[in-house]
Amino acid sequence: MSKDAKPIPVVILGATSSIFIILTLLYILIAGFDAISTVILVSAFSGLAIPAVIYADGAIECVTGVFEMFAEGISAIFSGILDAISSLFG
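Residues numbered from 1 in each chain as written. Predicted model: local features only at pLDDT ≥ 70, side-chain atom pairs only at ≥ 80, totals over all residues. Heavy atoms only, no water.

**Description of the pattern of salt bridges**
- Going through the model one piece at a time under the given rule, you end up with two salt bridges.
- We note a salt bridge from Lys6 to Glu68, for which the minimum N-O separation is 3.8 Å. Of this pair, Lys6 sits in the segment before helix H1 (8-31) while Glu68 sits in helix H3 (residues 59-89), placing them 62 residues apart in sequence.
- For Glu72, the salt bridge is made with Lys6, and the minimal N-O distance between the two is 3.3 Å. Separated by 66 residues along the polypeptide, Glu72 in helix H3 and Lys6 in the segment before H1 bring together distant segments of the chain.
- On the accessibility criterion, Glu72 (30% relative accessible area) is partly exposed. (Salt bridge = Lys/Arg side-chain N within 4 Å of Asp/Glu carboxyl O. Helix = DSSP H or I, 4+ residues; strand = E, 2+ residues; numbered from the N terminus. Buried < 20%, exposed > 50% of the residue type's maximum accessible area, 1.4 Å probe, protein only.)

Take a look at the structure:
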């Protein structure tokens, strides 16, 4: 994806998709595949892939954009948690 600042809805979509991928994979490890987990997993992957394809300039950038959105989503989740904790004590 481009190095420009991404809109807030794209960051929120990446964060929610990342957390749903992690939670669904944990659920699949515990309970196994079923229809609900498959639907959640596919929608979470599409939530990461669609913005990556829209903002990409080439095919390689589409693939790396998905991983970048996943990593940025996880970092947005942890930074939000840390900001909330620091606002309580700061």
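**A look at the nonpolar core**
- Membership of the largest hydrophobic core is limited to five residues, which are Val10, Ile21, Ala44, Leu48 and Met69.
- If we ignore the near neighbours within four places in the chain, the residues touching Ala44 are Ser17, Phe20 and Ile21. (Core = buried A, V, L, I, M, F, W, Y, C linked by side-chain atoms within 4.5 Å. Contact = heavy atoms within 4.5 Å.)

**Quick notes on the packing of helix H2 (residues 35-55) against H3**
- The interhelical angle for the contact between H2 and H3, taken along N-to-C directions, is 130°, at an axis separation of 8 Å. In terms of their interaxial angle, H2 and H3 are classed as oblique. Remark: the crossing between H2 and H3 carries right-handed chirality. On the side of H2, the interface is formed by Gly47, Leu48, Ala49, Pro51, Ala52, Val53 and Tyr55, while H3 contributes Glu61, Cys62, Gly65, Val66, Met69 and Phe70. (Axes fitted to C-alpha atoms, helices over the stretch in contact; angles between N-to-C directions. Parallel < 35°, antiparallel > 145°, perpendicular 65-115°, else oblique. Left-handed = near helix turned anticlockwise from the far one by under 90°.)

**Some points on H1**
- Between its terminal C-alpha atoms H1 stretches 34 Å, which fits the 34 Å expected from 24 residues at 1.5 Å a residue.
- Among the residues of H1, Val10, Gly14, Ala15, Ser17, Ser18, Ile21, Thr24 and Ile28 are the ones counted as buried.
- Buried positions along H1 lie against H2 and H3.
- The first or second residue beyond H1 is Gly32, which carries a positive phi of 95°. (Expected span 1.5 Å × (residues − 1).)

**Structural notes on the packing of H1 against H2**
- One way to put it is that H1 packs onto H2 with a least axis distance of 9 Å and a crossing angle of 150°. On the basis of the axis angle, H1 is roughly antiparallel to H2. As H1 packs across H2, the resulting crossing turns out to be left-handed. Across the interface between the two elements, Val10, Leu13, Gly14, Ser17, Ser18, Phe20, Ile21, Thr24, Leu25, Tyr27 and Ile28 of H1 pack against Ser37, Ile40, Leu41, Ala44, Phe45, Gly47, Leu48, Pro51 and Tyr55 of H2.
- Per-class residue counts for the contact of H1 with H2 are 14 nonpolar, six polar and no charged. (Nonpolar A, V, L, I, M, F, W, Y, C, P; charged D, E, K, R; others polar.)

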